[in-house]
Amino acid sequence: MKGPWRVAVLAVFFLGLLVVLTLRLWSLQLTEAAEYQDQADRQQILLVSTPAPRGDIVDVNGVLMAGTRPALSVVVNRKLIPVEVEESVIQRLAVFLGIPAADLRQEFEDHGSGARFTVADEIDSADALFLAEHTEDFPGVAVEPVPVRIYPLGVTGGQFIGYIGRPTEADIEAGVRSTDRVGKAGVEREYDSELQGEPGAVKYRIDAQGNILGLVNEQSPQPGGTIQLTIDSAVQAQLESALADGLQLARNAYNPTCRPVQEDPKCPIRAVGVVLDAKDGSVVAMASVPGYDPTIFVDGVSSDEWNELLETAVFNNFAIQGIYAPASTFKAIAYVAAMEEGIFPETAVQTDTGQYFCEGLLEFRFQDGSPQVYRDWKADGHGPVDLHTALQSSCDVYFWEVALKVWRSSGQYDEALLQDWARKLGFGVDTGIDLPFEQSGLIPDRAWFDEQQAEGSGRVRAEGGWSGGDLMNTVIGQGDVLVTPLQLATAYAAIVNGGTVWQPRVVAGVLGADGEIAIPNDPVILNDIPLAQRTVDFIRQDLQLVVNGPAGTARAAFESFGPGVEQIGGKTGTGEVIKSADASKEVDTAWFVGVAPVSDPEYVVAIVIERGGSGGRIAAPTARQVLQFLMLGEEGVTDIAEGAEAD
Amino acid sequence: MAVTAGHRVGRLERRERLRPDIFLLVSFLVLSALGILMVYTATAPRLIAQGEAGDVVMRKQVVFVIIGTVVFLVSSLVDTRKLRAATPLIYLVSLASLILVLTPLGDVRAGAQRWIELGASFQLQPSEPAKVAVILALAALLARDSDGTLHWRSVARAIGLVVLPAVLIFRQPDLGTMLVFGFIAVAMLFAAGTSFRQMGFLVVASIVGTVALFQFKALKVYQLTRLTAFLDQSSSLENANYNQFQSEVAIGSGGFLGKGVFNGTQTNLSFVPAQATDFIFTAVGEQLGFIGGALVLGLFAVIIWRLMLTAVVAHDTFGSFIAVGVASLIAFHVFVNVGMTMSLLPVTGLPLPFLSNGGTAFVTMSLALGLAHSAWIHRAPLPGERR
């Protein structure tokens, strides 16, 4: 051939092409190899997670209040169904389950590609066996024991136990898988991370079509921890039955035919109660009636039933979320302040036993000289009282005088002295109980008043400043004071136990495998007030006389108590609720806070019946049933009956 | 007398004359053996997963290799002079088969009409042997017309020889094969001594031709998709780039030493499409790493080197041109195929010579290599023949 140089040029060119390829190969396999290896690993592993059984919730005695039961469910994992056979799988599955294929296809689409979801619950074992034997016809379809949440006690304790549901967008962003269930309320929510457990993971090696080629490894799920409550389910059941009785009592007394809705201010709407261990703040029982059975969030509920539940706001735990004027039950706080600070009416001998004549009204002048007349709840007055009898008979006038003494002290006492005592006892701030959505209530003072006035919130007068009258209202638990039943119970527990304000708790701890508490939720002291022993002795005695004394406002309600009534103390309260909008008066809020036994208090029982009327007439008999159960046992509980109309 | 003299060629002399090119032979055999192994690793896991025997495809490839090797050996012994005489017939038969494939006898697969069914389990892809026919035709033409330079008339004839089958192949459509013809033609014309002006004309003509193809929307949609997907490297996995991306991942994850035979998760798990055929090089890259990939490219370099050497030492210009044509055929196939698996070039569907699973391609390549090898074997003049 002529011109071999041309062949040489071609040879160099061809070999040059090979050199280019080799350089590219070098760059892929040496320079960027790690990156490609990661990519290869990522697309060859399929992670399928298996749900962990949610932990149980048991009461203080180990009674199951929330648990899980395995139900054989048909679970579809779309990731495992090759696209080309999906339609035939749907067809077969529809026939097997006896549902229209169109519905099933819709369900597939709703869950999205790659989703894992349950298409049938609680199939029987014969069906389960059939599916297990025909896996080749049903790729990606498995029978799994899906944990189903159960609440064996039904409505009992529903509000603090709470319920579970689908995660919100925020939950999913925080790393919760959309197929998981999360606690939405109560202990289920507060202790969600303890209850969740660790889901198991199965890693499969897959090919490009998503066919499973083999198991890489398998990690079994770790069940969630068992939560032991401080709640005693027996007391809880009694509290709820007593509250239901109390609510019925109030309706019978005031408005037997009304429909209990929020919009009707004259209709007794709910009864709320807390039973607290006075020695460490443990919640023994806590309820608001009407309540709900958390099972409805598992099994579903008709829309009518749902709307009815919403109408009475059953999903709110009013023991920690309801805020009420504490009324005369709040006098115990002023009482303690008076004892400890030595504040007594101007005209009385300056001791707690100094006599003061309690008339039916109090006439006085404000600093600006304006004459004022405040009327006691008892129009003909209480006659001669001292601090102790003033509490027993719930004399408003005496405590107004205490407030006026502080108001007029010209600097001897801090203007907010009485409010500070309330705050020390836990009012106006969250107790920090281990439940979600707690309300903090309100202890009004000048600073709060000025702030509200400046904001024009409508909660306070537009003209004039914080006045002596406001302070007087505050002292008797009216005006703007707002407390939760739990706060009131907490404060009473502190007063009668010598001054220790315990943080309330519903959970004792997380149980270990041996059934013993492995991670305790120890009681926490919020505040330790060094109360004089004399103060503590006297308050116990005076509370006992409210129930047992001749002038006691709860005497009539406790007549049928039975043996040991002398160990019962308490305080009634009747809160006036003025609706500012239409000025129509609601039925009063009925209160009773009970303490037992007074010699060494173990329990504080706070009862509030919203629109229940008189505390002595309605709330005290309700509390009586609970106290009977606590002190005398189940047999000691007698039928509910109205007490005397009293503040 | 010459004939009698021929019979009297001594044993030693004869052996000298028929000594094969060991380099070429070994490269061919090693690549073919490697191809069998790679085809096996790329198909067995999937077949086994489907409940079939894992070696079904590999066994077929073994048969192809045996047939191909026989074809290689036989064609190595073919006297190029006789072949030259038969070239016009071969060319015409090849054209006829290309026309045949476009008739209803042709089999449509994946949108392309490229195969002729011959019996139940054998299909012929006429565009493959057409490559050999075109090389032979060009070699015959150039050997006749070239005297170190080339007349314009000869260039035109050469173009004519190539355009006829190219147009038929374009109708199938098979863009890759059409480009092969163009590349071979340019390389052979260059070797034949085209002037710079002629080369310039060829370059301009091919550019104009390519533009015209696009302009008249003569390209099928899938061809355009492949080309545009290649140009838009940022496009996502769902696009046509998926194949190449997976191929790149497979090769890249192989690293220097590779993952080991049968440990190629990418190829074994069929993430890479057409892993036994067009993308066979990914199986090499992933399982045998840079070492294996470089070995394959090195063996191809040896083959090209030997073929170019053959072109220089061949006894006659016909054999010379065959060697150049076959070298350019292999070089183009390797460059386009391997470049495609590494995202250097768009997907065109050219198999990797001697490695890709497929009978027609293997036998065609063996035949082409054998014919070029024949030029090496017969490089010494026959007794009495002038050099």
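Analysis parameters
Residues numbered from 1 in each chain as written. Chains lettered and ligands numbered in written order. Predicted model: local features only at pLDDT ≥ 70, side-chain atom pairs only at ≥ 80, totals over all residues. Heavy atoms only, no water. Helix = DSSP H or I, 4+ residues; strand = E, 2+ residues; numbered from the N terminus. Buried < 20%, exposed > 50% of the residue type's maximum accessible area, 1.4 Å probe, protein only. Areas by Shrake-Rupley, 256 points an atom, 1.4 Å probe, with all protein chains shown as cover. Pairing = 2+ DSSP bridges. Axes fitted to C-alpha atoms, helices over the stretch in contact; angles between N-to-C directions. Parallel < 35°, antiparallel > 145°, perpendicular 65-115°, else oblique. Left-handed = near helix turned anticlockwise from the far one by under 90°. Contact = heavy atoms within 4.5 Å. Nonpolar A, V, L, I, M, F, W, Y, C, P; charged D, E, K, R; others polar. Phe/Tyr/Trp six-rings, centres within 6.5 Å; stacked < 30°, edge-to-face > 60°. Patch = residues over 30% accessible without salt bridge, like charges linked within 9 Å, V, L, I, M, F, W, Y side chains within 5 Å. Salt bridge = Lys/Arg side-chain N within 4 Å of Asp/Glu carboxyl O. Polar contact = N/O pair within 3.5 Å; in protein donor to acceptor, adjacent residues only side chain to side chain. Disulfide = S-S within 2.5 Å. pLDDT = per-residue confidence, 0-100. Core = buried A, V, L, I, M, F, W, Y, C linked by side-chain atoms within 4.5 Å. Buried area = accessible area lost by both parts, 1.4 Å probe.

## A closer look at the overall build of chain B
Consideration 1: Broken down by element type, chain B carries 15 helices and 3 strands.
Consideration 2: Buried residues in chain B amount to 54% of all 387 residues.
Consideration 3: By element, 69% of the accessible surface of chain B is carried by carbon and sulfur atoms, the whole surface being about 16400 Å².

## Some thoughts on the sheet that holds strand 11 (residues 270-277) of chain A
Residue and element names in this part refer to chain A.
Consideration 1: As summarised here, the arrangement of the 5 strands in space is 12-11-23-22-21, forming an open sheet in which the pairing is antiparallel. Looking at the sheet topology across the chains shown, the edges are occupied by strand 12 (283-289) and strand 21 (569-575). Taking each pair of neighbouring strands and ignoring which way they run, the sheet shows an average axis angle of 10°.
Consideration 2: Direction of pairing for strand 11 relative to strand 12: antiparallel, over a ladder of 6 bridges.

## Examining the packing of helix 6 (residues 127-145) of chain B against helix 8 (residues 175-191) of chain B
All names here are of chain B.
Consideration 1: Contact geometry for helix 6 and helix 8: axes closest at 11 Å, N-to-C directions at 20°. The angle between helix 6 and helix 8 places the two elements in the roughly parallel class. Viewed along their axes, helix 6 and helix 8 form a crossing whose handedness is right-handed. Together, Ser 127, Ala 130, Lys 131, Val 134, Ile 135, Leu 138, Ala 139 and Leu 142 of helix 6 and Thr 177, Val 180, Phe 181, Ile 184, Ala 185, Met 188 and Leu 189 of helix 8 make up the contact between the two elements.
Consideration 2: Its residues assigned to classes, the contact of helix 6 with helix 8 shows 12 nonpolar, 2 polar and 1 charged.

## Section: the packing of aromatic side chains
All names here are of chain A.
Consideration 1: Inspection of the entire model under this criterion finds 33 aromatic pairs over all chains.
Consideration 2: Summarising the aromatic geometry, the rings of Phe 108 and Phe 117 are spaced 5.4 Å apart at their centres and angled 85° between planes, so their arrangement reads as edge-to-face. In this pair, the class of Phe 108 matches that of Phe 117, namely buried.
Consideration 3: Between Tyr 163 and Phe 297 the ring centres are 3.5 Å apart and the planes differ by 0°, which places this aromatic pair in the stacked class. Here the residue Tyr 163 occupies a position in the loop between helix 6 (158-161) and strand 6 (164-165), and Phe 297 occupies one in helix 11 (residues 296-299), the gap between them amounting to 134 residues.
Consideration 4: Phe 297 gets classed as partly exposed once you look at its relative accessible area, which sits at 25%.

## Considerations on a nonpolar patch on the surface
Consideration 1: On the surface, a cluster of nonpolar side chains totalling about 490 Å² of accessible area is made up of A:Trp26, A:Leu30, B:Phe256, B:Leu257 and B:Ile291.
Consideration 2: By the element assignment, A:Leu30 lies in helix 1 (residues 4-31).

## Considering the environment of A:Ser560
All names here are of chain A.
Consideration 1: Within the secondary structure, Ser 560 sits in the loop between helix 21 (533-548) and strand 21.
Consideration 2: By relative accessible area, Ser 560 is classed as partly exposed at 35%.
Consideration 3: A sequence separation of 329 residues divides Ser 560 from Ile 231, and the C-alpha atoms of the two residues are 27 Å apart.
Consideration 4: For Ser 560, the contacting residues outside a window of four places in its chain are Arg 624, Gln 628 and Thr 638.
Consideration 5: Separated by 3.5 Å, the side chains of Ser 560 and Thr 638 make a polar contact.

## Looking at the state of the cysteines
Residues and elements named next belong to chain A.
Consideration 1: As enumerated under the stated definition, the model contains 2 disulfides over all chains in all.
Consideration 2: Here Cys 258 engages in a disulfide with Cys 267; their sulfurs sit 1.8 Å apart. Its S-S torsion of about 65° marks the bond between Cys 258 and Cys 267 as right-handed, since a negative value means left-handed.
Consideration 3: The exposure class assigned to Cys 258 is buried, which follows from its relative accessible area of 13%.
Consideration 4: Exposure remark for Cys 267: the relative accessible area of 0% places this residue in the buried category.
Consideration 5: The disulfide partner of Cys 358 is Cys 395, and the gap between their sulfur atoms is 2.2 Å. The S-S bond linking Cys 358 to Cys 395 shows a torsion near 95°; that makes this disulfide right-handed.

## So, the confidence of the model for chain B
All names here are of chain B.
Consideration 1: Residues with a pLDDT of 70 or more make up 78% of chain B, whose mean pLDDT is 80.
Consideration 2: Every residue in residues 1-7 is under pLDDT 50, and counting partners more than four places away or in other chains gives 0 contacts.
Consideration 3: Predicted confidence is poor over residues 229-239, with pLDDT under 50, and the contacts of this stretch with residues over four places away or in other chains come to 16 contacts.

## Structural notes on the nonpolar core
Consideration 1: Within the largest apolar cluster, 105 residues are counted, with the highest numbers of intra-cluster contacts made by B:Phe300, B:Ile330, B:Phe354 and B:Leu369.
Consideration 2: Considering every element that reaches this core, the biggest residue donor is helix 14 (residues 317-341) of chain B, with 15 residues.
Consideration 3: Filtering out sequence-adjacent residues up to four positions away, B:Phe300 remains in contact with A:Leu18, B:Leu31, B:Ile330, B:Val334, B:Leu352, B:Pro353, B:Phe354 and B:Leu355.
Consideration 4: Counting 104 residues, the second largest nonpolar core, distinct from the first, contains A:Tyr324, A:Phe330, A:Trp466 and A:Val475.

## Focus: the pattern of salt bridges
Residues and elements named next belong to chain A.
Consideration 1: Tallied over the entire structure, the rule returns 25 salt bridges over all chains.
Consideration 2: Between Asp 470 and Arg 461 there is a salt bridge, and its shortest N-O distance comes to 2.9 Å.
Consideration 3: The exposure class of Asp 470 is buried, given its relative accessible area of 11%.
Consideration 4: Look at the salt bridges and you will find they share partners, linking Arg 54, Arg 149, Glu 188 and Asp 192 into a network.

## Describing the interface of chain A and chain B
Consideration 1: Taken residue by residue, the interface counts 37 residues in chain A and 53 residues in chain B.
Consideration 2: Of the roughly 3900 Å² buried between chain A and chain B, counting both surfaces, carbon and sulfur atoms make up 74%.
Consideration 3: Scanning the region where chain A abuts chain B turns up 1 salt bridge.
Consideration 4: Across the pair B:Glu248 and A:Arg24 runs a salt bridge whose closest N-O atoms are separated by 3.4 Å.
Consideration 5: Where chain A packs against chain B, one counts 7 residue pairs in polar contact (both at pLDDT 80 or more).
Consideration 6: Going through the elements one at a time, helix 1, helix 2 (33-44) and strand 8 (200-206) of chain A are the ones with two or more residues in the side of chain A that touches chain B.
Consideration 7: Class assignment of the residues belonging to the side of chain A that touches chain B gives a composition of 24 nonpolar, 8 polar and 5 charged.

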